[in-house]
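The chain contents come next:
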Amino acid sequence: MRPLEDHVAVVTGAGNGIGEAIARRLVDAGAKVVVNDLQAAAAEKVAAAITADGGAATAVAGDVSAPEDVSRIFEHCTEAFGDCSLLVNNAGIVQQSLFEDLSIEDWDRMIAVHLRGTFLCARAVIAPMLQQGEGVIVNIASQLGQIGGVELVHYSAAKAGIIGLTKALAREVSKRGVRVNAVAPGPINTDLVRNLSDDWRQAKAGELPLGHFGEPQDVADTVAFLASPAARIYVGQTLGPNSGDVML
Ligand code: ADP
């Protein structure tokens, strides 16, 4: 089954981790994929690996918080494969800081990458999608946007903002054929988590109803579902691949 055969996807921050898994998963489902990342080499490596496996992928470097870079990313998409019909806003940064130590610069950067980036990329695709009368946007939030993370006020606020943006945009454009949803992952075995101590991971896993963390693939499967026709009545939702850590 290749439910995304007709889709031209852009996945931001797809040079590593969860974004890379999403790009590969969308290709497996039949989509053509533009692999964006701030790090050109990482994006190129992922696109080359997908191409070597017989998939359709192209890389484009760019900062999702910079309007001129965002224009370039979507121009590249249109030239390579046609207008973007499936946008996955995944690019992100994580930085831990006690609230009393949080600088204005760190706050602004966190909000810029996640919230401004999601806004700019959605803004770049929305006109062609509305014109076509179809399109899908999936925004990667985090369960920390739902419950708050300690020493992560700026990250949690940015991710909560993404959930609000998702709901409001979904209300506005769904009748015109564009579906907008979010994914709020819980603890996932990414490089960041793998680098933490075994003791921390075991303790955290033990607290989860499921007893273990998810994998990047689990998040990618959720994105692929939301993008597929099987999710046709999902609008403004936030799905939680989170091992039961947060139940809403
Ligand atoms: P995870 O492990 O949760 O998947 P990563 O840090 O591996 O997180 O992935 C986030 C990706 O987003 C990285 O590849 C990073 O380079 C990319 N990224 C970060 N900031 C930006 C940005 N402003 N524009 C585009 N990509 C970005």
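- Going by what an unreviewed UniProt entry lists, the protein chain is known as 3-oxoacyl-ACP reductase FabG and is assigned to Pelagibius litoralis.
- Taken directly from UniProt, the Sequence similarities (unreviewed entry) text for the protein chain runs: "Belongs to the short-chain dehydrogenases/reductases (SDR) family."

## Description of the state of the cysteines
Note: disulfide means a covalent bond formed between the sulfur atoms of two cysteine side chains.
Right, so step 1: Scanning all chains against the criterion turns up zero disulfides.
Right, so step 2: We note that Cys-84 lacks a disulfide partner, and the nearest cysteine sulfur, in Cys-77, lies 5.1 Å from it.
Right, so step 3: Unpaired in terms of disulfides, Cys-121 finds its nearest cysteine sulfur in Cys-84, a separation of 9.0 Å.
Right, so step 4: With a relative accessible area of 0%, Cys-121 lands in the buried category.

## Details of the packing of aromatic side chains
Right, so step 1: Within the structure shown, the criterion is met by two aromatic pairs.
Right, so step 2: With a centroid separation of 6.2 Å and an interplanar angle of 90 degrees, the aromatic rings of Trp-200 and Phe-213 are classed as edge-to-face. Of this pair, Trp-200 sits in helix α8 (residues 198-207) while Phe-213 sits in the loop between α8 and α9 (216-227); the two residues are 13 residues apart in sequence, bridging distant segments of the chain.
Right, so step 3: What makes Phe-213 buried here is its relative accessible area of 7%.
Right, so step 4: A centroid spacing of 5.1 Å and a plane angle of 85 degrees characterise the contact between Phe-225 and Tyr-234, whose relative ring orientation is edge-to-face.
Right, so step 5: Residue class for Phe-225 comes out partly exposed when judged on its relative accessible area of 29%.
Right, so step 6: Tyr-234 sits in the partly exposed class, given a relative accessible area of 29%.

Criteria and cut-off values
- Residues numbered from 1 in each chain as written.
- Predicted model: local features only at pLDDT ≥ 70, side-chain atom pairs only at ≥ 80, totals over all residues.
- Heavy atoms only, no water.
- UniProt positions renumbered as here; feature names shortened; annotations may be inferred.
- Disulfide = S-S within 2.5 Å.
- Buried < 20%, exposed > 50% of the residue type's maximum accessible area, 1.4 Å probe, protein only.
- Phe/Tyr/Trp six-rings, centres within 6.5 Å; stacked < 30°, edge-to-face > 60°.
- Helix = DSSP H or I, 4+ residues; strand = E, 2+ residues; numbered from the N terminus.

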